[in-house]
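Take a look at the letters that make up each chain.
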Amino acid sequence: MESIILQSTTKSTFVEEEVSPRSLVHFLESGNPQIKKASLALINALFIRANKRKKMSDDYQSKRIRVEVHKHILPNPHLSGDMKHQLYVLQSLLLNMLEERMSLPADENDQESVKNITELRNIAFHIDSDLQISTIQNSAKRQSYAKDYKKLGFQNTLKPIEDFTETPPGVLALDTMLYFAKTYCENYKKVVLENSCKDDEHDCPIAKVSIHLTKMLCDILDIGVSPSEENQRYHPMFFYT
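Going along each chain's sequence as written, the residues are numbered from 1 onward. With the structure being a predicted model, the display of local features is reserved for residues of pLDDT at least 70 and the display and counting of side-chain atom pairs for 80 or more, all residues being used for whole-chain, interface and lining totals. Excluded from the side-chain calculations are hydrogens and water; all other atoms, namely the structure's heavy atoms, are used.

J.: Which parts of the structure should I look at to understand the pattern of salt bridges?
T.: Close approach of charged atoms lets side chains of opposite charge pair. Salt bridges are defined by distance alone: a side-chain nitrogen of Lys or Arg within 4 Å of a carboxyl oxygen of Asp or Glu. A complete count under the given rule lists 7 salt bridges for this structure. Put simply, lysine 182 and glutamate 119 hold a salt bridge, and the shortest N to O gap is 3.7 Å. Linking lysine 182 in helix 12 (residues 171-183) with glutamate 119 in helix 9 (residues 111-125), this pair joins segments that are 63 residues apart in sequence. Taking relative accessible area as the criterion, glutamate 119 reaches 22% and is therefore assigned partly exposed. Lysine 189 is the partner of glutamate 186 in a salt bridge, and the nearest nitrogen-oxygen pair spans 3.2 Å. With a gap of 3 residues between them, glutamate 186 and lysine 189 both fall in helix 13 (residues 185-196), about one helical turn apart. Runs of H or I in DSSP of at least four residues are treated as helices and runs of E of at least two as strands, each being numbered from the N terminus. Accessible area is worked out with a 1.4 Å probe on protein chains only. A residue is then buried under 20% of its type maximum, exposed over 50%, and partly exposed in between.

J.: Help me understand helix 13 in this model?
T.: Quick reminder: α-helices carry 3.6 residues per turn. Residues three or four places apart thus point the same way. In a helix, the anticipated span is given by 1.5 Å times the number of residues less one. The end-to-end C-alpha distance of helix 13 is 17 Å, a good match for the 16 Å that 12 residues give at a rise of 1.5 Å each. Listed in full, the buried residues belonging to helix 13 are Tyr188, Lys189, Val192 and Asn195. Each buried residue of helix 13 lies within a common arc of 135 degrees when the element is viewed along its axis, so the set occupies one face. Exposed residues pointing more than 90 degrees away from the buried face of helix 13 are listed as Glu186 and Leu193. Arc, as used here, means the arc of the directions from the helix axis to the C-beta atoms.

This is the structure:
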């Protein structure tokens, strides 16, 4: 069935209509290693097929696949080479879903990106978001924000969105910053506070560092690179949720 998906245009459409990654996930719980491998290979084949047609659904973005891999495949210390390869392929395909954001430069006309940068400031300095929205267009206010954006580690303190114009990592770096700020709010505020108290020669600007780290990870994890046919290198931590 995996071969049909990858090689047959007509028959693969029929298989796609009848089989979804979500319907295959429970086979990863099987005690039979061959069934697990075949199921994961078919999930990957459906993923590749959907990616080529630019039709990605929630099936491929669901955490459940990673959860099941973590629970029912990774505990085995003696995985076969074929299974390791399928894990590598799945990892590559999921990471490559970030390629669009990685390749997208920030645009000052993109209200969502502007809002996200504003939220980074709001979280760090306990600013009321409703008040922020009412004053964001005021040029005098924007000048006063520059000091806060400097504390956050932006290079362009008057137009911090321009820090995200380089690709990679594009707006993916902004996504990672906002995720950290929202998910680990206290740690985020602690890093900002500690950095704002340091001398310039000892600073660790969180925005600048986040952008560089995201760029490094894009390179290390080969985001945007099609999976090879032989690689077996996967990162177990990627499947932790």
